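Structure assessment
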Amino acid sequence: MKTYSIGEVAKQFGVHEDTLRNWEKKGLVVPDRVGPREDRVYTEAHIAQIIDKKLAKSVSVLEDTPTQQNMDLTKLKTFLWRSADILRGKIDSSDYKKYIFGLLFYKRMNDVWKEEYDRALEEYHDEEIAKADYNHRFQIPDDAHWEVIQNTSKNIGIKLNEVFDKLTNANSPKLDKIFDDLDFANEDKFPNETLQQLVNHFSKYKFGENYFSSDVLGDAYEYLIQQFAADAGKKGGEFYTPREVERLIMRILKPHTKDHVYDPTVGSGGFLLEAYQYLRDKDGEQKARSLYLYGQEVNISTYAIAKINMFLHGLDGADIRRGDTIANPQFTTNAGTLQKFDIVVANFPYSIKEWPYERFKNDKYGRHDGYETPPNKNADYAFLLHIIASMNENGRAGVVVPHGVLFRGNTEARIREQILSKDLVEAVVALPPKLFYGTGIPAAVIIFNKNKEPSRKNKIIVVDAENEYESGKNQNRLRIQDIEKISNTIDEFKTVERYAEVVSIEDLEKNDFNLNVSRYVDTSEKQENIDVNSVISDISALREKSQKLDAELDARLKELGYGD
């Protein structure tokens, strides 16, 4: 087993050795101790902890020349993040993620194609058959293989643009818009030397399925997304929801075989992946692949990230579309109505002031039928009404919302009352602070259900989970036990002192349908009732005992010749 000294780890992560010692004191990364001097020794598991907890701002590959054979997930993560180091400082950190993702996906496509070609050639001994479309998941034209870029010494950016155009055309509509936001031909951003470094970097290893399964490469891609989100600060929250939050919501919603799962603001696709992984862990790969996955995203770069995320995880059937969900929902029926889903999940952009209010006010899809129109300076309830309208008759939904959605007044208060009066809300969960990238805004989860169990009719459960989490330097996270406690509490649907309260519709009405969690769950320490008379009696007894002891002490001192 490969091990590293504290000096080696400090050097590789660009931190001082004292920083590692501080992490050790806090219990974040505790190295092994070996030998008579109990020297600190870091293993690959410790390195993975530093990476996964995002304790360091940058990370380098721990070996100068790792081989393909020893390229495990930890080394793959660090190798991929090192590709970002090549671009860091040359273009804005919020932009270079799409170029790294594009190149990684291209290399994966190319190497998988080569493996498929070799297998077919070995079986049929015919090059034309080996190249035939039906033998390949993606089509790679002869003049668009990775070797073409690898052998290009001048104008690499222009050649990359040409290759991506050819890949798109050869795989249309499957890869439509995936590479549209990539332009490597800008020499100010991408000098030829920089692109040569990137190409050489990705050329070091093969990324085919013989070397990296969809699970491993997909996990590494998810790590990259997470790292870019942390690097991008506030903008990171626009395309990435912490996986722990997505995992919590899926544990509550519990996807079933063949469920249709929809995310109207899909971001990088994490919710859809979590639905797949939940069912895979529960019932196996075959049933997990029976899920129907749908998503819509307005930002073209983020749309491409989500599409690539699905492809790298082997979920080619996921239907991800681009467009503004409020202005132009993409998932509609032939009759012009909204498509309905078993599960809807979302972490929509909070409190958008500029949104297509007039179009929504005259909505042809009837999304606010039976409700007031949301205010024209805040789109939060427009997203919520879209989500509710997208649920089928047995549909359930899990939505991350800012706390203001729970208690804001005026028009939003009336819409909230209308939603609660229709008995659509099943649970409200107040989340811990600082879970999301680049924002300290407190968030909550609302669980909707159009077909509640009879025992839950006209009731909701309110959970205050704000105080149970793992604290981090820049960001907190939900632990496994926190996720389990929240989901189990909702499953059991019972009041838990200082944590959860089952609330009736009558109690909600008494509170003007305000969902502020603190109105229903009292997390303060209970003060012990004090019997004043008993305390006075105890004090008197103590005084009497003290006087008696003082008298005994004086008598003893006199016997010894001290005192008067």
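It should be emphasised that the depicted structure is a prediction, and the values quoted were computed from it without experimental measurement. (Residues numbered from 1 in each chain as written. Predicted model: local features only at pLDDT ≥ 70, side-chain atom pairs only at ≥ 80, totals over all residues. Heavy atoms only, no water.)

**Side note on the sheet that holds strand E2 (residues 32–34)**
Convention followed: Should DSSP find at least two bridges between two strands, the strands are taken to pair. Numbering goes from the N terminus for both helices and strands, where a helix is a DSSP run of H or I of at least four residues and a strand is a run of E of at least two.
Strand order in the open sheet made by the three strands is E1-E3-E2, with antiparallel pairing throughout. Unpaired on one side and paired on the other, strand E1 (3–4) and E2 mark the two borders of the sheet. Inspection of the sheet shows E1 paired to strand E3 (residues 39–43) by two bridges, in the antiparallel sense. Its bridge partner being in E3, tyrosine 4 is matched across the sheet by tyrosine 42.

**Details of the packing of aromatic side chains**
Here is the rule we go by: When two rings of Phe, Tyr or Trp (its six-membered ring) have centres within 6.5 Å they constitute a pair, described as stacked for plane angles under 30 degrees, edge-to-face for angles over 60, and tilted for the intermediate range. Partly exposed describes any residue whose relative accessible area lies between the buried limit of under 20% and the exposed limit of over 50%, with all areas from a 1.4 Å probe on protein chains only and scaled to the type maximum.
This structure, assessed with the given rule, holds 30 aromatic pairs. For the ring pair tryptophan 81 and phenylalanine 228, a centre distance of 5.2 Å and an interplane angle of 65° mean the geometry is edge-to-face. Here the residue tryptophan 81 occupies a position in helix H4 (residues 73–87), and phenylalanine 228 occupies one in helix H10 (residues 214–232), the gap between them amounting to 147 residues. With relative accessibility at 0%, the residue tryptophan 81 sits in the buried group. A ring pair is formed by phenylalanine 184 and phenylalanine 190, whose centres lie 5.2 Å apart and whose planes are at 45°; its orientation type is tilted. Note on accessibility: phenylalanine 184 and phenylalanine 190 belong to one class, buried. Through successive ring pairs, a cluster of aromatic residues spans Tyr99, Phe105, Tyr106, Phe138, Trp146, Phe164, Phe179, Phe184, Phe190 and Phe311.

**Digging into unusual backbone geometry**
In this structure, proline 173 follows serine 172 across a cis peptide bond, with omega equal to 0°. As for its placement among the helices and strands, proline 173 is situated in the loop between helix H8 (156–170) and helix H9 (192–202). At asparagine 155, a position not held by glycine, the phi torsion is positive, near 50°. Among the secondary structure elements, asparagine 155 is positioned in the loop between helix H7 (146–150) and H8. By relative accessible area, which is 44% here, asparagine 155 ends up partly exposed. Positioned with a positive phi, asparagine 410 is a non-glycine residue whose angle comes to about 60°. Position of asparagine 410 among the secondary structure elements: in the loop between helix H17 (404–407) and helix H18 (411–421).

**Side note on the nonpolar core**
Defined as follows: The criterion is simple. A nonpolar core is a set of buried Ala, Val, Leu, Ile, Met, Phe, Trp, Tyr and Cys residues joined through side-chain atoms within 4.5 Å. Pairs of residues are marked as contacts when any of their non-hydrogen atoms sit within 4.5 Å.
In this structure, Phe105 and Phe207 are the most contacted members of the largest nonpolar core, which totals 74 residues. Tallying contributions element by element places helix H5 (residues 93–124) first for this core, with twelve residues. Excluding residues within four positions of it along the chain, phenylalanine 207 makes contact with Leu76, Phe79, Leu80, Leu104, Lys107, Arg108, Asp111, Phe202, Phe212 and Leu217. In terms of nonpolar packing, the next biggest core, distinct from the first, is built from 46 residues, Tyr381, Ile419, Ala430 and Ile505 among them.

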